[in-house]
Amino acid sequence: MTGKQVTLQLGHGSMSGIVQDIDDQGCLLLASDGKILHINSGEVTKVNFA
């Protein structure tokens, strides 16, 4: 899914961004609002494959 736009459902709501990678600890690296976020839990609810 690297490079794909995704929407994640998190405990406090949802967020969208572009998948960058998975780090050494298993966190999803997500580019969102000009930042790289390390996401350690949540559910991918939408993937834009276009």
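Reference entry: report on the structure contained in this document. Fair warning: this is a prediction, and the values are worked out from it, not measured in the lab.

### As for the overall build of the protein chain
Now for step 1: Secondary structure summary: the protein chain contains 0 helices and 5 strands in total.
Now for step 2: The C-alpha radius of gyration of the protein chain comes to 10 Å, within 12% of the 10 Å expected for a compact globule of 50 residues.
Now for step 3: In terms of its C-alpha atoms, the protein chain occupies a principal-axis envelope of roughly 30 × 25 × 20 Å.
Now for step 4: Residues counted as buried form 26% of the 50 residues belonging to the protein chain.
Now for step 5: Across the protein chain, the fraction of contacts at a sequence separation of at least 24, relative to all contacts at a separation of at least 6, is 32%.
Now for step 6: Surface accessibility of the protein chain: about 3,500 Å² in total, with carbon and sulfur atoms responsible for 48%.

### A few points about the pairing of strand β3 (residues 28-32)
A regular strand carries its side chains on alternate faces of the sheet.
Now for step 1: In terms of residue burial, β3 counts as a mostly covered element, since 4 of its 5 residues are buried.
Now for step 2: Relative to β3, strand β2 (residues 13-22) runs antiparallel, the two being bridged by 4 bridges. The residue bridging I18 from the neighbouring strand is A31, located in β3.
Now for step 3: Of the pairings in the sheet, the one linking β3 to strand β4 (residues 35-39) comprises 5 bridges and is antiparallel in character.

### A word on the environment of T2
Now for step 1: Mapped onto the elements, T2 comes out in the segment before β1 (5-10).
Now for step 2: Owing to a relative accessible area of 58%, T2 belongs among the exposed residues under this scheme.
Now for step 3: Here T2 is in contact with V19 and Q20, once residues within four sequence places are set aside.

### Regarding the sheet that holds β1
Now for step 1: Read across the sheet, 5 strands follow the order β4-β3-β2-β1-β5 without closing on themselves; strand pairing throughout is antiparallel. This sheet does not close on itself; its edge strands, each paired only once, are β4 and β5 (43-48). Adjacent strand axes in the sheet meet at a mean angle of 45°, parallel and antiparallel pairs treated alike.

### Things to note about unusual backbone geometry
Now for step 1: Even without a glycine there, the phi angle at D33 is positive, about 55°.
Now for step 2: With respect to the element layout, D33 can be found in the loop between β3 and β4.

Calculation rules
Residues numbered from 1 in each chain as written. Predicted model: local features only at pLDDT ≥ 70, side-chain atom pairs only at ≥ 80, totals over all residues. Heavy atoms only, no water. Helix = DSSP H or I, 4+ residues; strand = E, 2+ residues; numbered from the N terminus. Rg over C-alpha atoms; globule rule 2.2 N^0.38 Å. Buried < 20%, exposed > 50% of the residue type's maximum accessible area, 1.4 Å probe, protein only. Contact = heavy atoms within 4.5 Å. Areas by Shrake-Rupley, 256 points an atom, 1.4 Å probe, with all protein chains shown as cover. Pairing = 2+ DSSP bridges. Axes fitted to C-alpha atoms, helices over the stretch in contact; angles between N-to-C directions.

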